[in-house]
Amino acid sequence: MRASNGLSPRAPMSIATKFRIVVGVLAAILIGICAVVVVQVSGIRVDLRRVAEERREAEQARATLLDIQGFQRWVELRTSLPAMQDAAIVQRDQMAHLDGAMRAFTAMVDEPHDDPSRPVHERTEEVGRRRLLALLQAARTAVAAGGGAGQEWVERAAEMCDLAGALLDEMAHEAHAASLDLDQRSGAAQRVVAVLAAVALVVLFAVCMFVVRGIVRPLRELAAGTRAIGRGQGHADLPMRGGAEVVDLSREITAMASQLESHQRELQERVEQRTRELVRSARLADLGAVAAGLAHEINNPLASIVACADGLQLRLARGIGALAEHRDDLRTIAEEAERVREITTRLLEIARSDSDQLGPVDLSDAVQAVVTLVRHRFAQAGVTLRVDSAHDLPLVRSNQQELRQILLNLLSNALDASPARGVVTVRVRRLGSDVVLDVDDAGAGVPPDLVDKIFDPFFTTKRAGQGTGLGLTIVQRILERHGGHVEVAQLEPGARFRVRLPIAVDG
Ligand code: ADP
């Protein structure tokens, strides 16, 4: 197929490809989110360690400062009051202060190698540290040798205090800066996580929409379309979107439905043709039975005609007999011939394939015609046939030939159902806007569980070869076309088949 602009229409993307794309996009987004989170978390981790380290250093700087201040006090005291001290105690105290300051200072300088603040320390504090360490070591050596007093050591102690104080300020400042950095980074991390969560929600929504629009909805439409095909409502509405697989499936189902439709049509035609054949043979079977009775009916008048004609011929040959006698014979011949003509005409009417046109018809006429044809069969079976037809009945909208077919079928069934010496009554009268025909018999009736089945094609309870199961089906089909209907009721004993036909012309 080619689009009107000459380009091939774009083949729909397969669901598998779409799915792969969605999974790829999701994986990329997930990896991105993970990378951002990892970077943020490791940054926060570094900042936390930096804050802890700076605090630790500030504490040690404070301890160094305290010890150096202690040393400074002792140096000042020894310098201003050289006679008052016990030299051993003084020396011990000074050594204790200096050792404490050295320990704290060394611990502060021996910071872990992965301390993130180390490079900063190295840059800003190296000089002060070296100087402080040298002063501490010199003071320790001097004190150990019994010195460490005098103006020079007062000044050195003051310088050591200044250096330790500056170191403490530096450490406190760095600890504060590290806390601020941590705050900033954790705030940034919160914002990043919030943005990522929003992006993830949008992507999730888009994926849901894709799944619903691209897969679920077309599949639902396909299911609805398939159900419609099942109900015989055509297959034009199957979706041709939502992924190559769905489109392929729709095409396959459409092709299958078309095939099924054509098979069904073919089957229907065959069934109709077979039904027509069976109806024809059922009608021929009925006609066969009618013909048997008819032969009998015709034989009687023909015998009269032959007898009268023979008698007339004999009398004329001999020149005997009165004129009135001849006239009687001729009248009898004419009457009997007329009867034969009437009978054969009715048979022809029954057998003739009339046009199926509907028009005003007298139901009583049809009853009389059919009764004439079947009377002999009833007589042979010892069943009495009574006709009770109201006068001045309105015409019904029907078709003579089909009406006779209805009557013939109902009377044949009534005769078959009747016991010997039974009575079948045909009653025709007006009931509201219909003309109603009842055919009552005194047979076994129709069992209640068969009432719904007897109108089905080919349903029969008669012996093989006796019933086709089409009589009542034909009656029902004809009446449907005529706007009438047939129903069965139970009598005590027997069955009543009631036919209603709408009045054509109110007479
Ligand atoms: P068929 O007469 O060939 O069996 P029908 O369609 O005319 O086919 O009738 C179907 C069945 O209905 C009969 O086999 C019979 O069982 C039942 N049936 C019809 N008319 C009567 C009736 N007057 N009394 C009892 N049963 C009847």
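This text follows the structure it describes.
Below is a summary of the structure that appears in this document. Numbering of residues starts from 1 in each chain and follows the order in which that chain's sequence is written. Totals for whole chains, interfaces and linings use every residue, but because this is a predicted model, local features are given only for residues with pLDDT of at least 70 and side-chain atom pairs only at 80 or more, for both listing and counting. Water and hydrogen atoms play no part in the side-chain values, which are based on all heavy atoms of the structure.

A look at the overall build of the protein chain
Here is step 1: Secondary structure summary: the protein chain contains nine helices and seven strands in total.
Here is step 2: Looking at the protein chain as a whole, 37% of its 507 residues qualify as buried.
Here is step 3: Contacts are assigned to residue pairs with any non-hydrogen atoms lying within 4.5 Å of each other. Put simply, 75% of the contacts in the protein chain that link residues at least 6 apart link residues at least 24 apart.
Here is step 4: Surface exposure here means Shrake-Rupley accessible area, sampled with a 1.4 Å probe, where a residue is shielded only by the protein chains that are shown. Here the protein chain has roughly 29300 Å² of accessible surface; of this, 58% comes from carbon and sulfur atoms. Strands are runs of DSSP state E lasting at least 2 residues, helices are runs of H or I lasting at least 4, and numbering of each runs from the N terminus. Categorising residues by exposure relies on relative accessible area from a 1.4 Å probe, with only protein chains included: less than 20% of the type maximum marks a residue as buried, more than 50% marks it as exposed, and the intermediate range marks it as partly exposed.

So, the nonpolar core
Here is step 1: By nonpolar core we mean a set of buried residues, namely Ala, Val, Leu, Ile, Met, Phe, Trp, Tyr and Cys, connected to one another through side-chain atoms within 4.5 Å. Counting residues in hydrophobic clusters, the biggest one holds 43 residues, and the most contacted among them are Leu 410, Leu 411, Leu 437 and Phe 497.
Here is step 2: Breaking this core down by element, the ones donating at least two residues are helix H7 (363-381), helix H8 (400-417), strand E4 (423-431), strand E5 (434-440), helix H9 (471-482), strand E6 (485-490) and strand E7 (495-505).
Here is step 3: The greatest single-element share of this core, amounting to eight residues, is contributed by H8.
Here is step 4: Here Leu 411 is in contact with Val 370, Val 374, Phe 378, Leu 385, Val 424, Val 426 and Val 439, once residues within four sequence places are set aside.
Here is step 5: Judged by nonpolar contacts, the second largest core, of 27 residues, contains Phe 71, Val 154, Leu 163 and Met 171.

Thoughts on the site of the ligand
Here is step 1: Whether a residue is near a molecule or strand depends on its heavy atoms: it is near if one of them lies within 4 Å of it. Close to the ligand lie 18 residues; Asp 441, Thr 460, Thr 461, Lys 462 and Thr 468 are nearest.
Here is step 2: Between a nitrogen atom of the ligand and a side-chain N or O atom of Asp 441, the distance comes to 2.7 Å.
Here is step 3: For the ligand, whose unbound accessible area comes to 540 Å², protein coverage reaches 92%.
Here is step 4: Of all the secondary-structure elements, those providing two or more residues to the shell around the ligand are H8, H9 and E7.
Here is step 5: Only Asp, Glu, Lys and Arg are considered charged, only Ala, Val, Leu, Ile, Met, Phe, Trp, Tyr, Cys and Pro nonpolar, and every remaining residue, Gly among them, polar. Residue classes in the shell around the ligand are distributed as eight nonpolar, eight polar and two charged. Polar contact is the term for a pair of N or O atoms within 3.5 Å; when the atoms are in protein, one must be able to donate a hydrogen and the other to accept it, and sequence-neighboring residues count only if both atoms are side-chain atoms.

Observations regarding the packing of H7 against H8
The angle between the axes and the distance between the axes are what describe a pair of packed helices.
Here is step 1: All axes are obtained by fitting lines to C-alpha atoms, using only the stretch in contact for helices, and the reported angles, taken between N-to-C directions, cover 0 to 180 degrees. Running from N to C, H7 and H8 point in directions that differ by 30°, and their axes come no closer than 9 Å. Between H7 and H8, the angle falls in the class roughly parallel. Taken as a pair, H7 and H8 cross one another with a handedness that is right-handed. Every residue of H8 that contacts H7 at Leu 363, Asp 365, Ala 366, Val 367, Ala 369, Val 370, Val 374, Arg 377, Phe 378 and Ala 381 is listed here: Gln 400, Leu 403, Arg 404, Leu 407, Leu 408, Leu 411, Ser 412 and Leu 415.
Here is step 2: Considering only residue class, the contact of H7 with H8 consists of 13 nonpolar, two polar and three charged. Reported orientations rely on four angle classes, namely roughly parallel under 35 degrees, roughly antiparallel over 145, roughly perpendicular from 65 to 115, and oblique for the rest. Throughout, a crossing is termed right-handed when the near helix is turned clockwise from the far one, and left-handed when it is turned anticlockwise from it by less than a right angle.

A closer look at H9
Here is step 1: In this analysis, the expected span of each helix is defined as 1.5 Å times one less than the number of residues it contains. For H9, spanning twelve residues, the distance from its first C-alpha to its last is 17 Å, which sits close to the expected 16 Å at 1.5 Å a residue.
Here is step 2: Taken together, the buried positions of H9 are occupied by Leu 472, Thr 473, Ile 474, Val 475, Ile 478, Leu 479 and His 482.
Here is step 3: Looking one or two residues beyond H9, the residue adopting positive phi is Gly 483, at roughly 80°.

Here we look at the environment of Leu 249
Here is step 1: In this fold, Leu 249 is placed in helix H5 (residues 244-318).
Here is step 2: For Leu 249, a relative accessible area of 40% gives the class partly exposed.
Here is step 3: Spatially, the C-alpha atom of Leu 249 lies 9.5 Å from that of Pro 239, the residues being ten residues apart in sequence.

A closer look at the pattern of salt bridges
Here is step 1: In the sections that follow, a salt bridge refers to a side-chain nitrogen of Lys or Arg positioned within 4 Å of a carboxyl oxygen of Asp or Glu. A full pass over the atoms with the stated rule returns 21 salt bridges.
Here is step 2: Across the pair Arg 140 and Asp 99 runs a salt bridge, and its minimum N-O distance is 2.6 Å. Of the two residues, Arg 140 is situated in helix H3 (residues 118-144) and Asp 99 in helix H2 (residues 87-109); the sequence distance between them amounts to 41 residues.
Here is step 3: In this structure, the salt-bridge partner of Glu 402 is Arg 481, at a minimum N-O distance of 2.9 Å. In this pair, Glu 402 sits in helix H8 while Arg 481 sits in helix H9, placing the two residues 79 residues apart along the sequence.
Here is step 4: Here the residues in one salt-bridge network are Asp 388, Arg 427, Arg 429, Asp 438, Asp 440, Arg 496 and Arg 498, joined through shared partners.

Here we look at the packing of aromatic side chains
Here is step 1: Side-chain rings of Phe, Tyr and Trp (the six-membered ring for Trp) are treated as a pair once their centres are within 6.5 Å; stacked means planes under 30 degrees apart, edge-to-face means over 60, and tilted covers the remaining angles. Applying the stated criterion across every chain, the model contains one aromatic pair.
Here is step 2: On the basis of an interplanar angle of 85° and a centroid distance of 6.5 Å, the ring pair of Phe 71 and Trp 153 is categorised as edge-to-face. Remark: Trp 153 occurs in helix H4 (residues 151-230) and Phe 71 occurs in helix H1 (residues 15-80); sequence separation between them is 82 residues. The pair Phe 71 / Trp 153 is uniform in exposure class, with both members buried.
Here is step 3: Note that Arg 156 overlies the ring of Trp 153, its terminal NZ or CZ placed 4.7 Å from the centroid. Sitting over a ring, as applied to charges here, requires NZ of Lys or CZ of Arg to be within 6 Å of the ring centre and within 35 degrees of the ring normal.

Notes on the packing of H8 against H9
Here is step 1: Relative orientation of the contacting elements H8 and H9 amounts to 145°, with a least axis distance of 9 Å. Along this stretch, H8 crosses H9, giving a crossing that reads as left-handed. Residues Glu 402, Gln 405, Ile 406, Asn 409, Leu 410 and Asn 413 of H8 lie in contact with H9, whose contacting residues are Gly 471, Leu 472, Ile 474, Val 475, Ile 478, Leu 479, Arg 481 and His 482.

Comments concerning unusual backbone geometry
Here is step 1: Following Glu 492, the chain continues into Pro 493 via a peptide bond in cis, with omega recorded as -5°.
Here is step 2: As for its position among the elements, Pro 493 is in the loop between E6 and E7.
Here is step 3: Despite not being glycine, Asp 392 shows a phi value in the positive range, around 50°.
Here is step 4: In this fold, Asp 392 is placed in the loop between strand E2 (384-389) and strand E3 (395-398).
Here is step 5: Unusually for a residue other than glycine, Arg 421 sits at a positive phi of about 65°.
Here is step 6: In this fold, Arg 421 is placed in the loop between H8 and E4.

What about a nonpolar patch on the surface?
Here is step 1: Candidate patch residues must exceed 30% relative accessible area and have no salt bridge, after which like charges are joined if within 9 Å and Val, Leu, Ile, Met, Phe, Trp or Tyr side chains if within 5 Å. Residues Met 13, Ile 21 and Val 25 make up a contiguous nonpolar surface patch of roughly 250 Å² in combined accessible area.
Here is step 2: Residue position: Ile 21 is located in helix H1.
Here is step 3: Owing to a relative accessible area of 43%, Ile 21 belongs among the partly exposed residues under this scheme.

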